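Here is what each chain is made of, one letter per residue.
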Amino acid sequence: MTRSQRSNLIQWALFVAGLALVALVLGVTVRWGDLADRFFKWEDFTDQFPGIVTEAARNTLVYTAIGYLGGLVIGLVVALMRQSQVPPARVIASVYIEVFRALPALLTILIVGFGLPIAFGAENLPGFLAQPWGAGCLALALVAGAYLAETIRAGIEAVPRGQVEAARSLGMPTGVTMRSIVLPQAFRVILPPLTNELVLLLKDTSLLAVLGVAIGQRELTTWGRTISNAIGNYTPLIAAAVCYLVITLPLTFLARWVERRTQADRR
Amino acid sequence: MSGGATIDPGGSGAARPTVDIRGLCKSFGSNDVLKGVDFHVDQREVVVVLGPSGSGKSTLLRCVNLLETPDSGQVLIDGIDICDEDTDVNAVRRRIGMVFQQFNLFAHLSALDNVTIAQRKVLKRSAAEAREVARRNLERVGVGDKAGHFPAQLSGGQQQRVAIARALAMDPEIMLFDEATSALDPELVGDVLKVMRSLAEDGMTMMVVTHEIGFARNVADRVVFMADGVVVEEGPPAQVIDDPQHPRTRQFLRQVHDR
């Protein structure tokens, strides 16, 4: 036996021994029967469909889309403000980024959710902002915007200076240079962190429940929690978990695929 | 050539130089890079600027299209002072083609799109016209078959020729070359120099910063030797390169030839 074969064998032996130990401890201590009854009851699982998809998953996606698109717009504006020639614009952008990254998202959602109708009067708020979930989405956009601003700024700074010089030397104004040359390249660089932000935001939509949601406005986590309470069985939580995985896993795989493709173009 | 922009109130015709630089000073922090440079390029003239690294030759060239802002002095393009606050810098730049040492092709665009984008966004040409002009210029520099390739799929020499086509597509009145062959593998330098030489033969006004002494000798109408932020010596290539008067020029040429 060679030395590398021996070391390989030892590692396998350690792994199997560790696994056996954990299985033994869990096998003896966990009450498997109760767990199966309360969390994995097949008929309670199938009962969740189609509602969990048509209401809960749909709402999760809608809240995520609104929060993310709003966050992208805010993030882009704030990232550009951070590089502004106007010093107060830079200060405001920095303060915004630091404040919203420092606060728990849950607290921001509570403040915006309760504050918005008081500040403007619920009857004056346009469309969905008058609803608790709409104000919550705005709060999510504000939080996401702070993180995305830093991500976008990093992307802009990753574009080599020569790209800007070439564009300027051809007579392109600053705005055209930013739109046509810098941003398209910046977004390719930051595609992985952008996807990461999207997944984080998707999970944070579960926090909107603190503002109180009506039937028809529940997202996945709230769906799982409320139905579990109603039927006295936790299987709906597992159904919600499955739905989250079905949404997020393809997303991360897709991002990795796009990333590989764009890099093949460039290198 | 954009006739409307070349205002000639004196009506004197060709006499005015395309680039006329007077008393140009530029420093980066405490480093004085240009210390009062007088320099000009006449219409249809090819001027090669030689000098050791750090002599300020690239900075001088970058001042011509305001990629660097001079501290003092004048930069006149066709008689218009481009340092004047009221001058539309973008309007000046679109008449000046520039080729960089590192090519600086737009990495996210194909060769064809690299050549069309400024025609579309700056000159407001139609898509069809921009494409037509782009194809003509890509053919002219010998990379017509690479139109669909991305910069990363091209060799350095091909990238640099696409970059030249990109500048030419704007119908510039003058072309600036900033060490255009310095980043190339030795066997690729010839292709780019050939394109530059053919441009010169077609009567393009050119300002060329380079280390290629052979190109200077064979193509330049005038050679300017710079050192330590000033013009040390200038004249026809036969004079400056083969019979340099100033000791600084002699020292530099000796070092280059010994390589």
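The rules behind each value
- Residues numbered from 1 in each chain as written.
- Chains lettered and ligands numbered in written order.
- Predicted model: local features only at pLDDT ≥ 70, side-chain atom pairs only at ≥ 80, totals over all residues.
- Heavy atoms only, no water.
- Buried < 20%, exposed > 50% of the residue type's maximum accessible area, 1.4 Å probe, protein only.
- Helix = DSSP H or I, 4+ residues; strand = E, 2+ residues; numbered from the N terminus.
- Pairing = 2+ DSSP bridges.
- Right-handed = clockwise from strand over helix to strand, strands pointing away.
- Axes fitted to C-alpha atoms, helices over the stretch in contact; angles between N-to-C directions.
- Parallel < 35°, antiparallel > 145°, perpendicular 65-115°, else oblique.
- Contact = heavy atoms within 4.5 Å.
- Nonpolar A, V, L, I, M, F, W, Y, C, P; charged D, E, K, R; others polar.
- Buried area = accessible area lost by both parts, 1.4 Å probe.
- Salt bridge = Lys/Arg side-chain N within 4 Å of Asp/Glu carboxyl O.
- Polar contact = N/O pair within 3.5 Å; in protein donor to acceptor, adjacent residues only side chain to side chain.
- Phe/Tyr/Trp six-rings, centres within 6.5 Å; stacked < 30°, edge-to-face > 60°.

Engineer: How should the pairing of strand β8 (residues 205–209) of chain B be read in this particular structure?
Structural biologist: The side chains of a regular strand alternate between both faces of the sheet. Residue and element names in this part refer to chain B. Within β8, 5 of the 5 residues are buried, leaving the element largely enclosed by the surrounding structure. Burial of β8 is two-sided: the residues T205, M207 and V209 facing one way and the residues M206 and V208 facing the other way are all buried. Direction of pairing for strand β7 (residues 174–178) relative to β8: parallel, over a ladder of 5 bridges. Residue pairing for β8: M175 is matched across the bridge by M206. Crossover handedness for the path β7 to helix α6 (residues 186–201) to β8: right-handed.

Engineer: Whenever I open this one, the packing of helix α9 (residues 174–189) of chain A against helix α10 (residues 191–204) of chain A confuses me. Can you help?
Structural biologist: A pair of packed helices is characterised by two quantities: the angle between their axes and the separation of those axes. All names here are of chain A. It is at 5 Å that the axes of α9 and α10 come closest, and there the two elements cross at 65°. Here α9 lies roughly perpendicular to α10, going by the angle between them. Along the contact surface, α9 presents F187, R188 and V189, while α10 presents L191, P192, P193 and L194. Here the residues of the contact of α9 with α10 sort into 6 nonpolar, no polar and 1 charged.

Engineer: Please clarify how the interface of chain A and chain B should be interpreted in this entry.
Structural biologist: Size of an interface, as often reported, equals the accessible area lost when the parts are brought together. Counting from both sides, the interface comprises 20 residues of chain A and, opposite them, 23 residues of chain B. Note on chain A versus chain B: buried area summed over both sides is about 1,900 Å², and carbon and sulfur give 60% of it. Salt-bridge contacts for E165 of chain A lead to R62 of chain B; the nearest nitrogen and oxygen are separated by 2.6 Å. In this assembly, chain A and chain B are joined by 6 residue pairs in polar contact (both at pLDDT 80 or more). Among the secondary structure elements, those contributing two or more residues to the side of chain A that touches chain B are α8 (161–169), α9 and α12 (235–266) of chain A.

Engineer: Explain unusual backbone geometry here, please?
Structural biologist: Excluding glycine, a negative phi dihedral is what most residues carry, and trans is how most peptide bonds are arranged. Look at the link from F49 of chain A to P50 of chain A: it is a cis peptide, with omega at 5°. Topologically, P50 of chain A is positioned in the loop between α3 (42–47) and α4 (51–82). For E179 of chain B, which is not glycine, the phi dihedral falls at a positive 50°. By the secondary structure assignment, E179 of chain B is in the loop between β7 and α6.

Engineer: Got a minute to help me understand the pairing of strand β4 (residues 72–77) of chain B in this structure?
Structural biologist: Residues and elements named next belong to chain B. Here strand β1 (residues 19–28) pairs with β4 via 5 bridges, running antiparallel. Residue pairing for β4: D20 is matched across the bridge by L76. Bridge analysis of β4 against strand β5 (residues 80–81) gives 2 bridges, and the strand direction is antiparallel. Of the residues in β5, the one forming a bridge with I77 is I80. Hairpin connection from β4 to β5: 2 residues lie between these consecutive antiparallel strands, with D78 at a positive phi of about 50°.

Engineer: Before we go on, may I ask you to explain the pattern of salt bridges in this structure?
Structural biologist: For side chains bearing opposite charge, pairing can occur when the charged atoms are close. Residues and elements named next belong to chain B. A complete count under the given rule lists 21 salt bridges over all chains for this structure. For D78, the salt bridge identified is with R95, shortest N-O distance 2.8 Å. With D78 in the loop between β4 and β5 and R95 in the loop between α2 (89–93) and β6 (96–99), the pair connects residues that are 17 residues apart, well separated along the chain. You'll find D78 and R95 in the same group, each marked buried. For the salt bridge of D228 with R248, the shortest nitrogen-to-oxygen distance reads 3.9 Å.

Engineer: Whenever I open this one, the packing of aromatic side chains confuses me. Can you help?
Structural biologist: Centre distance and the angle of the planes are the two values used to describe a pair of aromatic rings. Residues and elements named next belong to chain A. A complete count under the given rule lists 8 aromatic pairs over all chains for this structure. Both rings, one in W12 and one in F15, keep their centres 6.0 Å apart while their planes meet at 85°; by these two values the pair is edge-to-face. Residue W12 and its partner F15 are located together in helix α1 (residues 3–29), separated by 3 residues, close to a single helical turn. A residue is classified by how much of its surface remains accessible, and W12, at 55% relative accessible area, is exposed.

Engineer: How should the environment of R256 of chain A be read in this particular structure?
Structural biologist: Residue and element names in this part refer to chain A. Note that R256 resides in helix α12. Overall, the relative accessible area of 47% leaves R256 in the partly exposed class. Distance in space between the C-alpha atoms of R256 and L191 is 8.9 Å, their sequence separation being 65 residues.

Engineer: Just checking my understanding: could you explain the side chain of S228 of chain A for this structure?
Structural biologist: Residue and element names in this part refer to chain A. Mapped onto the secondary structure, S228 falls in helix α11 (residues 220–231). Since its relative accessible area comes to 3%, S228 is described here as buried. Ignoring anything within four residues of it in the chain, the contact list for S228 reads N233, Y234, P236 and L237.

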